[in-house]
Amino acid sequence: MASERAFSCGNSTYYVIENYGRFKVQRQGWLSRIFLGYVVNLAEAITLIEVDAKCWRIHLAQPASQP
């Protein structure tokens, strides 16, 4: 079972999806999510988000509910 967490950094929203012990990091683009990479733990996911966003103030975001 995959679990998803949403983070905001700057003006971007990032999604970290945990599935089978791996974390997939994605950034929300205009039309779809953009794959950033796979990492082994949440700390590496946060670092990847910080580097991509060039931002060091990461907040948990409330993802929009999907129908």
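Our subject is the structure listed above.
Owing to the predicted nature of the structure, the values given are computational and were not obtained by experimental measurement.

Colleague: Even after reading the chapter, I still don't get the pairing of strand β3 (residues 22–28), so can you show me in this structure?
Modeller: Two faces, one strand: in a regular strand the side chains alternate between the faces of the sheet. For strand β2 (residues 12–19) and β3, the ladder comprises 6 bridges, and the chain directions are antiparallel. In the strand pairing of β3, Val16 is matched with Val25. Strand direction decides the pairing type here: β3 and strand β4 (residues 33–39), joined by 6 bridges, are antiparallel. Among the inter-strand pairings, Val25 is bridged to a residue of β4, identified as Gly37. In this structure, the hairpin formed by β3 and β4 is closed by a connection of 4 residues.

Colleague: What is the right way to read the sheet that holds β4 from this model?
Modeller: Spatially, 5 strands are ordered β4-β3-β2-β1-β5 in an open sheet, and the strand pairing comes out antiparallel. If you trace the sheet from one side to the other, it starts and ends with β4 and β5 (58–60), each paired once. The average undirected angle you get between the axes of adjacent strands in this sheet is 30 degrees. In this sheet, β2 lies alongside strand β1 (residues 3–9) in antiparallel orientation, the contact comprising 7 bridges. Residue pairing across strands places Phe7 opposite Tyr14, the latter belonging to β2.

Colleague: Looking at this structure, how should I read the nonpolar core?
Modeller: A general feature of soluble globular proteins is that nonpolar side chains tend to end up buried together. Core analysis: the largest hydrophobic core is formed by 10 residues, namely Phe7, Cys9, Tyr14, Val16, Phe23, Val25, Val39, Ala45, Ile49 and Cys55. Elements that contribute at least two residues to this core include exactly β1, β2, β3 and α1 (42–53). In this structure Cys55 touches Cys9, Gly10 and Glu50, once residues within four positions along its chain are discounted.

About the thresholds
Residues numbered from 1 in each chain as written. Predicted model: local features only at pLDDT ≥ 70, side-chain atom pairs only at ≥ 80, totals over all residues. Heavy atoms only, no water. Pairing = 2+ DSSP bridges. Helix = DSSP H or I, 4+ residues; strand = E, 2+ residues; numbered from the N terminus. Axes fitted to C-alpha atoms, helices over the stretch in contact; angles between N-to-C directions. Core = buried A, V, L, I, M, F, W, Y, C linked by side-chain atoms within 4.5 Å. Buried < 20%, exposed > 50% of the residue type's maximum accessible area, 1.4 Å probe, protein only. Contact = heavy atoms within 4.5 Å.

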